[in-house]
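Summary of structural features
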Amino acid sequence: MRSAEEIRERYESIRECVGPGVTVVAATKYVSLEEMRVLAEAGIEVVGENRAQALATKQARYGAAFRWHFIGHLQSRKTALVSELCELCHSLASESAARQLSIPALVEVNLAGEETKSGIAPEELDGFLELCRQTGIEVRGLMTMPPLASDPEASRPSFRRLRELAERFNLPQLSMGTSQDYLVAAEEGATFIRVGSVLWS
Ligand SMILES: *Cc1c(COP(=O)(O)O)cnc(C)c1O
């Protein structure tokens, strides 16, 4: 973990690069409870957690320091907890969660059909969004995790495709891009980037 000053410098320079239309979400899955304090000192405003249990523990101690987003696999038995603690869920991807979540959400799309990843297949998005309308959940946009690649440019087609899908369904928000490809994501219209390692390792 770097010092608060170093993290602040990195955070500010990322924000400058992506511009004011992009919210930088700090992905905190590898940040300990103690280390969260450094992020608050660094001026990080929005954090994204992957696990409901870690979210609850961190939120109990640092609730007022950040705005809280959920970015991980959402188990239906944790949906109520996530709804209570977060302002936005980036990773809505199941019918059961769509029936239980009570905060605004982005729908996770599995563009490459990867079996190891959750997410709605592009061809099933229409039906899933219709279900969301029925359950009354507020869908603000789409999220994706592209296949792992060493070249950030390899993610560009995925990001472009996600933007096109969002446009087709009139959804304004796009959560895409991590430490290695957030610049490409911003160029392709991201409104949220989710970055961890580039900030503190
Ligand atoms: C960990 C994680 C990130 C951030 O990844 P880094 O490579 O550390 O930037 C973004 N999104 C999700 C869903 C994650 O789990």
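See the structure shown above.
Criteria and thresholds
Residues numbered from 1 in each chain as written. Predicted model: local features only at pLDDT ≥ 70, side-chain atom pairs only at ≥ 80, totals over all residues. Heavy atoms only, no water. Helix = DSSP H or I, 4+ residues; strand = E, 2+ residues; numbered from the N terminus. Rg over C-alpha atoms; globule rule 2.2 N^0.38 Å. Buried < 20%, exposed > 50% of the residue type's maximum accessible area, 1.4 Å probe, protein only. Contact = heavy atoms within 4.5 Å. Areas by Shrake-Rupley, 256 points an atom, 1.4 Å probe, with all protein chains shown as cover. Arc of directions from axis to C-beta. Near = heavy atom within 4 Å. Polar contact = N/O pair within 3.5 Å; in protein donor to acceptor, adjacent residues only side chain to side chain. Disulfide = S-S within 2.5 Å.

Remarks on the overall build of the chain
In terms of regular secondary structure, the chain is built from nine helices and eight strands. In terms of overall size, the chain behaves like a compact globule, its C-alpha atoms giving a radius of gyration of 16 Å where 201 residues would be expected to give roughly 17 Å. Oriented by its inertia axes, the alpha-carbon framework of the chain measures out at about 45 × 35 × 30 Å. Going through the 201 residues of the chain one by one, you find that 50% of them count as buried. Within the chain, residue pairs in contact and separated by at least 24 positions form 54% of the contacts whose partners lie at least 6 positions apart. Accessible surface, the chain as shown: approximately 9,600 Å² in total, 47% of it carbon and sulfur.

With respect to unusual backbone geometry
The phi dihedral of Asn 170 falls on the positive side, at around 60 degrees, and the residue is not glycine. Counting through the fold element by element, Asn 170 comes out in the loop between helix 7 (156-168) and strand 7 (173-175). Asn 170 gets classed as exposed once you look at its relative accessible area, which sits at 70%.

With respect to helix 6 (residues 125-135)
Turning to helix 6, its buried residues are Leu 125, Phe 128, Leu 129, Leu 131 and Cys 132. On an axial view of helix 6, the arc spanned by its buried residues comes to 155 degrees, and they lie on one face. With respect to the buried face of helix 6, the exposed residues turned more than 90 degrees away are Arg 133 and Gln 134. Buried residues in helix 6 make contact with strand 4 (88-92), helix 5 (95-100), strand 5 (105-108), strand 6 (139-143) and helix 7. Gly 136 occupies a position one or two residues after helix 6 and carries a positive phi of about 85 degrees.

Some remarks on the site of the ligand
The environment of the ligand is formed by Ala 27, Lys 29, Asn 50, Ile 71, Met 145, Thr 178, Ser 179, Arg 194, Val 195, Gly 196 and Ser 197. Between Lys 29 and the ligand, the recorded distance is 2.9 Å, taken from a side-chain N or O atom to an oxygen atom. With respect to the ligand, the side chain of Ser 179 contributes an N or O atom lying 2.5 Å from an oxygen atom. The protein chains hide 83% of the 380 Å² of surface that the ligand would expose on its own.

Overview of the state of the cysteines
Per the stated rule, a full pass over the model turns up zero disulfides. Free of any disulfide, Cys 86 has its nearest cysteine sulfur in Cys 89, 7.6 Å distant. Cys 86 sits in the buried class, given a relative accessible area of 8%. With relative accessibility at 0%, the residue Cys 89 sits in the buried group.

Here's the deal with the side chain of Thr 191
Tracing the sequence through the fold places Thr 191 in the loop between helix 8 (182-187) and strand 8 (192-195). On the accessibility criterion, Thr 191 (15% relative accessible area) is buried. Within the local environment of Thr 191, its side chain forms a polar contact with the side chain of Gln 173, the two groups lying 2.8 Å apart. Beyond its immediate sequence surroundings of up to four residues, Thr 191 is in contact with Gly 21, Val 22, Thr 23, Pro 172, Gln 173 and Leu 174.

Keep in mind these values describe shape, not function.
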